[in-house]
Protein chains: 2
Amino acid sequence: MTTINTVEKDFRHYLREISAYNESLMLIHWDMRTKIPNHGVEQRSEVAGFLGEKIHKLETSDKMKHFIDALKNDTTDPILKRTVEVCEENYERNRKIPHELYREFIMTQSKSEAVWQEARQNDDFQLFQPYLEKLVDYNKQFATYWGYEHNIYDALLHNFEPGVTTTMLDEVFPALRTSLVSLLDQIKASPVKPDTDVLQAHFPKNDQEAFTKIILKQMGYDFQSGRLDETIHPFAIALNRNDVRITTRYDENDFRMAIFGTIHEGGHALYEQNIAESLMNTPLATGTSMGIHESQSLFWENFIARSHTFWEANYQEFQSYAPQHFRDVELDQFFRAVNEVKPSFIRIEADELTYSLHIMVRYELEKALINGEINVQDLPKLWNEKMVAYLGINPPTNREGVLQDIHWAGGDFGYFPSYALGYMYAAQLNHTLRSEVNVDEIIMTGDCRRIKQWLSEAVHQHGKMKKPLEIIKDVTNEGLNPDYLVRYLKQKYAAIYQFN
Amino acid sequence: MTTINTVEKDFRHYLREISAYNESLMLIHWDMRTKIPNHGVEQRSEVAGFLGEKIHKLETSDKMKHFIDALKNDTTDPILKRTVEVCEENYERNRKIPHELYREFIMTQSKSEAVWQEARQNDDFQLFQPYLEKLVDYNKQFATYWGYEHNIYDALLHNFEPGVTTTMLDEVFPALRTSLVSLLDQIKASPVKPDTDVLQAHFPKNDQEAFTKIILKQMGYDFQSGRLDETIHPFAIALNRNDVRITTRYDENDFRMAIFGTIHEGGHALYEQNIAESLMNTPLATGTSMGIHESQSLFWENFIARSHTFWEANYQEFQSYAPQHFRDVELDQFFRAVNEVKPSFIRIEADELTYSLHIMVRYELEKALINGEINVQDLPKLWNEKMVAYLGINPPTNREGVLQDIHWAGGDFGYFPSYALGYMYAAQLNHTLRSEVNVDEIIMTGDCRRIKQWLSEAVHQHGKMKKPLEIIKDVTNEGLNPDYLVRYLKQKYAAIYQFN
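As named in an unreviewed UniProt entry, chain A is Metal-dependent carboxypeptidase, taken from Virgibacillus salarius. Check the Catalytic activity (unreviewed entry) section of the UniProt entry for chain A; it says "Release of a C-terminal amino acid with broad specificity, except for -Pro." Recorded under Function (unreviewed entry), the UniProt text for chain A is reproduced unchanged: "Broad specificity carboxypetidase that releases amino acids sequentially from the C-terminus, including neutral, aromatic, polar and basic residues."

Right, let's talk about the side chain of A:Thr212 for a bit. All names here are of chain A. By secondary structure assignment, the location of Thr 212 is in helix H9 (residues 205-219). From its side chain, Thr 212 meets the backbone oxygen of Gln 208 in a polar contact 2.5 Å long. Excluding its chain neighbours within four sequence positions, the residues that come into contact with Thr 212 are Ala 258, Ile 259 and Thr 262.

Residues and elements named next belong to chain A. With respect to the secondary-structure elements, Ile 215 resides in helix H9. In this structure the C-alpha to C-alpha distance between Ile 215 and Asn 314, which are 99 residues apart in sequence, comes to 8.7 Å. Residues contacting Ile 215, with those up to four places away along its chain left out, are Ile 263, Phe 310 and Asn 314.

Before going further, it helps to spend a moment on the relation of the copies chain B and chain A. Between chain B and chain A, the superposition needs a rotation of 180 degrees and an axial shift of 0.1 Å, giving an RMSD of 0.1 Å. Both chain copies can therefore be described as sitting about a two-fold axis. Considering only C-alpha atoms, the part of chain B nearest the rotation axis is B:Ser24, at 3.1 Å. Both copies contact each other with a shared surface, as 97% of the interface residues of chain B are interface residues in chain A too.

Quick look at the sheet that holds strand S3 (residues 243-248) of chain B now. Residue and element names in this part refer to chain B. Spatially, the three strands line up as an open sheet ordered S1-S3-S2, and their pairing is mixed. Each end of this open sheet is capped by a strand with a single partner; those strands are strand S1 (228-230) and strand S2 (236-240). Across the sheet, the axes of successive neighbouring strands diverge by a mean angle of 25 degrees, strand direction being ignored. Of the pairings in the sheet, the one linking S1 to S3 comprises three bridges and is parallel in character.

In this section: helix H18 (residues 449-458) of chain A. Considered for burial, the residues of H18(A) that qualify are A:Ile451, A:Lys452, A:Trp454, A:Leu455, A:Ser456 and A:Ala458. For H18(A), the elements touching its buried residues are H9, helix H10 (256-273), helix H11 (290-304), helix H16 (417-436), helix H17 (439-445) and helix H19 (468-476) of chain A.

Quick look at the sheet that holds strand S2 (residues 236-240) of chain A now. All names here are of chain A. Pairing within the open sheet is mixed, and its three strands lie in the order S1-S3-S2. Each end of this open sheet is capped by a strand with a single partner; those strands are strand S1 (228-230) and S2. With strand direction ignored, the average angle separating the axes of adjacent strands in the sheet is 25 degrees.

Let's shift gears to the pattern of salt bridges. Enumeration according to the criterion identifies 60 salt bridges over all chains in this entry. The salt bridge involving A:Asp229 is made with A:Arg227; its shortest N-O contact spans 2.9 Å. Through salt bridges with shared partners, a single ionic network connects A:Glu23, A:Asp243, A:Arg245, B:Asp31 and B:Arg44.

Before going further, it helps to spend a moment on the pairing of S3(B). All names here are of chain B. In terms of residue burial, S3 counts as a mostly covered element, since six of its six residues are buried. Of the two faces of S3, the one carrying Asp 243, Arg 245 and Thr 247 and the one carrying Val 244, Ile 246 and Thr 248 are both buried. Direction of pairing for S2 relative to S3: antiparallel, over a ladder of four bridges. Bridge pairing links Ala 238 to Val 244 in S3. Counted between consecutive antiparallel strands, the loop separating S2 from S3 contains two residues.

Before going further, it helps to examine the UniProt feature "binding site: Zn(2+)" (unreviewed entry) in chain A. All names here are of chain A. The feature "binding site: Zn(2+)" (unreviewed entry), as annotated in UniProt, sits at His 264, His 268 and Glu 294 in this numbering. Across 31 residues in sequence, these annotated residues keep their C-alpha atoms within 8.8 Å of one another, forming a single compact spot. If you trace the backbone, His 268 turns up in helix H10. Engagement of the side chain of His 268 in a polar contact is seen with the side chain of Glu 294, the distance being 3.4 Å.

Overall, the coordinates contain 84 aromatic pairs over all chains when judged by the stated rule. Residues B:Phe203 and B:Phe318 carry aromatic rings whose centres are separated by 5.8 Å and whose planes lie at 75 degrees to one another, so their mutual orientation is edge-to-face. Placement of the pair is B:Phe203 in the loop between helix H8 (166-189) and helix H9 (205-219) and B:Phe318 in helix H12 (residues 308-321), with a sequence separation of 115 residues. Assigned by exposure class, B:Phe203 and B:Phe318 land together as buried. Measuring from centroid to centroid gives 6.1 Å for B:Trp408 and B:Phe416, while their planes differ by 85 degrees, and the two rings are edge-to-face. Overall, B:Phe416 belongs to the buried group, its relative accessible area being 1%. Above the face of the A:Phe235 ring, A:Arg33 is positioned so that its terminal group lies 4.5 Å from the ring centre.

Our next topic: the domain arrangement of chain A. All names here are of chain A. Its domain assignment divides chain A into domain 1 (2-96) and domain 2 (123-500). Taking only C-alpha atoms, the centre of domain 1 and the centre of domain 2 are 29 Å apart. Facing the 21 residues of domain 1 at the interface are 25 residues of domain 2. In this assembly, domain 1 packs against domain 2 so that about 2200 Å² is buried in total across both faces, 58% of it on carbon and sulfur atoms. Together, Trp 30, Arg 82 and Arg 93 form the three largest contributors to the area buried by domain 1 at its contact with domain 2, with a combined 31%. For the salt bridge of Lys 35 with Asp 229, the shortest nitrogen-to-oxygen distance reads 2.8 Å. For the pair domain 1 and domain 2, the number of links is eleven residue pairs in polar contact (both at pLDDT 80 or more). Elements with a contribution of two residues or more to the side of domain 1 that touches domain 2: helix H1 (2-34) and helix H4 (78-96). Looking at the side of domain 1 that touches domain 2 residue by residue, the classes come out as eight nonpolar, four polar and nine charged.

With 139 residues, the main nonpolar core has B:Phe255, B:Trp300, B:Phe318, B:Phe334, B:Leu379 and B:Ile451 as its most contacted residues. The contact partners of B:Ile451, leaving out residues within four places of it in the chain, are B:Phe299, B:Trp300, B:Ile304, B:Leu433, B:Val439, B:Ile442 and B:Ile443. Counting 138 residues, the second-largest nonpolar core is a separate cluster that includes A:Leu180, A:Ala269, A:Ala350 and A:Leu429.

Let us now look at the side chain of A:Arg82. Residues and elements named next belong to chain A. Structurally, Arg 82 can be placed in helix H4. For Arg 82, a relative accessible area of 11% gives the class buried. For Arg 82, the side chain forms a polar contact with the main-chain oxygen of Lys 464, separated by 2.7 Å. Apart from residues lying up to four places away in sequence, Arg 82 is in contact with Leu 284, Lys 464, Met 465 and Lys 467.

All names here are of chain A. Within this structure's numbering, the places UniProt gives as "active site" (unreviewed entry) are Glu 265. Mapped onto the elements, Glu 265 comes out in helix H10. Residue classification places Glu 265 among the buried residues on the basis of a relative accessible area of 11%. When near neighbours in sequence (up to four residues on either side) are disregarded, Glu 265 contacts Pro 234, Phe 235, Ala 236, Ile 246 and Thr 247.

Our focus in this paragraph is the interface of chain B and chain A. Listed as interface residues are 38 residues of chain B and, on the opposing side, 37 residues of chain A. Summed over both partners, the interface of chain B with chain A comes to about 3200 Å²; 52% of that surface belongs to carbon and sulfur atoms. Contact with chain A buries area across many residues of chain B, yet B:His39, B:Gln43 and B:Phe50 alone supply 19% of it, more than any other trio. The interface formed by chain B and chain A holds eight salt bridges in total. Of the charged contacts in the structure, one is a salt bridge between A:Arg16 and B:Glu46, with a shortest N-O distance of 2.7 Å.

Along the chain, B:Leu71 falls in helix H3 (residues 62-71). As for B:Leu71 and B:Lys81, which are separated by ten residues in sequence, their C-alpha atoms are 7.9 Å apart.

In this section: unusual backbone geometry. A negative phi angle is the norm for most residues apart from glycine, just as the trans form is the norm for most peptide bonds. A positive phi angle, near 55 degrees, is found at A:Asp123, a position not held by glycine. Judged by its relative accessible area of 31%, A:Asp123 is partly exposed. Located in the positive-phi region is B:Gln498, a residue other than glycine, with phi close to 55 degrees. Residue placement: B:Gln498 occurs in the segment after helix H20 (483-497). Take B:Gln498: its relative accessible area is 61%, and that puts it in the exposed class.

The rules behind each value
Residues numbered from 1 in each chain as written. Chains lettered and ligands numbered in written order. Predicted model: local features only at pLDDT ≥ 70, side-chain atom pairs only at ≥ 80, totals over all residues. Heavy atoms only, no water. UniProt positions renumbered as here; feature names shortened; annotations may be inferred. Helix = DSSP H or I, 4+ residues; strand = E, 2+ residues; numbered from the N terminus. Polar contact = N/O pair within 3.5 Å; in protein donor to acceptor, adjacent residues only side chain to side chain. Contact = heavy atoms within 4.5 Å. Least-squares fit on C-alpha atoms with pLDDT ≥ 70 in both. Pairing = 2+ DSSP bridges. Axes fitted to C-alpha atoms, helices over the stretch in contact; angles between N-to-C directions. Buried < 20%, exposed > 50% of the residue type's maximum accessible area, 1.4 Å probe, protein only. Salt bridge = Lys/Arg side-chain N within 4 Å of Asp/Glu carboxyl O. Phe/Tyr/Trp six-rings, centres within 6.5 Å; stacked < 30°, edge-to-face > 60°. Lys NZ or Arg CZ within 6 Å of the ring centre and 35° of its normal. Domains from an automatic or database assignment. Buried area = accessible area lost by both parts, 1.4 Å probe. Nonpolar A, V, L, I, M, F, W, Y, C, P; charged D, E, K, R; others polar. Core = buried A, V, L, I, M, F, W, Y, C linked by side-chain atoms within 4.5 Å.

The following block contains the structure:
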């Protein structure tokens, strides 16, 4: 027993060291995106590189292997057990990639992001093509090293959504797509046309910020354990559960960016703020997957903040912060406008209904790329064909098409499905939540902490103790099921666009 | 040659790693003092502890010793040579302290700071006394381990002002004190009484900030390589020469705190921004001593920003940012008010003349403590006696007396003299500068970068390549000499207070 206890103590200290470097790295990222002066960027990137390498070394060291071997069969403490499991998985996956290959990948990756920026700016796919080809190739090699059962793409999916497979997606996505496309047709055919012009009015930044902070407090975001800053690309970042920061962007001519965006990031932040304290300083103290994380942000952004009840409860407050202009806009008019459905080229500007269609375009293309069924050079054409097929619109430029997202330039393949998965998870959680709790009544009180509490118990607290589908199963009593999302969207848009 | 080159390459990489942790730690400190949410503090302190320990380990490792031994006789590159020298000194000094003793010290130190906070708040010296006794004792032990030639206090002085000894201070300080006290008597006897009431007017934070930024730009502070934030205790911090941040505190009823304070921190920041690029990622890429650093901040705060010429050049601009009120305050009236001399209890609020007297009180007491000539329990009494003897005022409480500064609670002995040294250095540099460059003419142009350039060539660029007294010698052709400060103060106050 003494030996085990000593090993365990050393292991915990070792994990704290990793946590310390991780927290430093997260602070560096936050600072680089919000506060750093221009000339500081170059040196800071090097510092980030050093810390990243250090963390990687600690996670794949012989010492780590020694801890894993010593503790994996001997422990009965469930947190320690799961910690060792996650460490082992990281260890095994990282050790499988030859060091030299990984280094080449990292170098290509950082060059690619710069090239992609230029390519997007100049609408020049050919400039980016050779880099993308390399990145696809690295990902194929990685996937082969990691191994998979049925589809090579599964090995990549695992990085972002462990437990979810290509087989599952291929079952769920086409069904979802059919429903969404048919719903879209009904909406297009509807005589109702929300007037989004009513949303345009000069709305000073400070007032947007003040209103947003009120909503964040309603959600239960703890400003004693976080802060809100301004940035170009909004994000949420957890330094630890007691310091989870949000950033947002203010468009003084369109409040939607800041208000819905902050609520979205606030959903991510609530997840990280409410992970159980007992998981601190272990690799379990973070969201369990990209999909579950996205379920939390989308839940608050759409299922709460785009609901009619939410605006019933908050429109008067909103009007008191908003410009004079909004006093002439009726609640229902406003509600319809923030819920307009309209196929558009850019994923991050898409509405609730068409969003998942954007994801499917990407999923199908990246799966085919990794499986060697299509070539990088054909991407622009294939992209546009799918956009026409699913959304009925044809991007006039690659900038508004295949070049719009940074993910592939960053070498991330297997990431995109998380967004649509997050949506389906959110709808499933929303369904269960509403069967247990009177959500509308709570929203009307102007204090949504009861909802946050439900989510914390169901999802947040567990961190990585549970896998994504385990969470969904434990809460909803079933697996991934797209029906809830379809049902929710049908009901919502039938009311707004007046069809049956 | 190949071996040396390989060792040198490895050494540089090793130093970059130390730099990376240092930069991370500096960012953590900056964040903890400016942005961190309350609940994040505890965990962040642990992270800082980890990084500090890591840096300490790297600086005292066998590997470091190996680098030092391999490179110290073989190199002709002056930067590398000096780098090895500084590394060796750090290595030797740190290795001399038994690990266990150092750990105990660190633990006592952090407890002491908390106890000191409480003691100061409640004006309760006895609460703090046992901690201070321990800290004095640790410092005596350290000094003994480090070794010294003449006075045990020298070993501590060395940490902050290498090359300066107790013998030197004991020669310089009494002479300086006599002059200052006699000057103070003349001022007290003068019928001129500057009216500081004219400085009191509600001055909105944003306007103070806007004016301060103009002055920082005049000084040549590079906002592309820095930023200005708000904090409780103003400071300057260098993450690296391309990211040197300033913080300030705004008192809306007294602009002096923010404006002179920011100029002071700006002086520190200019030093760090202008260290030669070739020194980056070595331990030489920082100010050479506390005293030289302070010479830079005091130079700008007092020798420039409290000069008549400075306000001739900037008073109109100041008035345009300041409240209406200042339009009725004449330049000369204003100038006299910001240069009022008046003995007061709190060091950091002291005027240019009495400031050094505050330092001497502390120097004499800490030297006597470390030499075992006085006891901690007698400090309050001795403190007050010296205040009466040098400044003619008797602190009514220990809070306004011996408990006011954090330095001793932080375990720092030997630090205080740097402040007075910095003042003397500044006066010496100021004298040489003015003999070479027409400072007043430059100030009147509203662009002081020529002055900054002179200071960069004389001081900044060298980082730790030169020792403090080497810098003074190279620039002024002599050693530490208090006469310049005395002459400067005499001339200044004779004009303001109209005596001869």
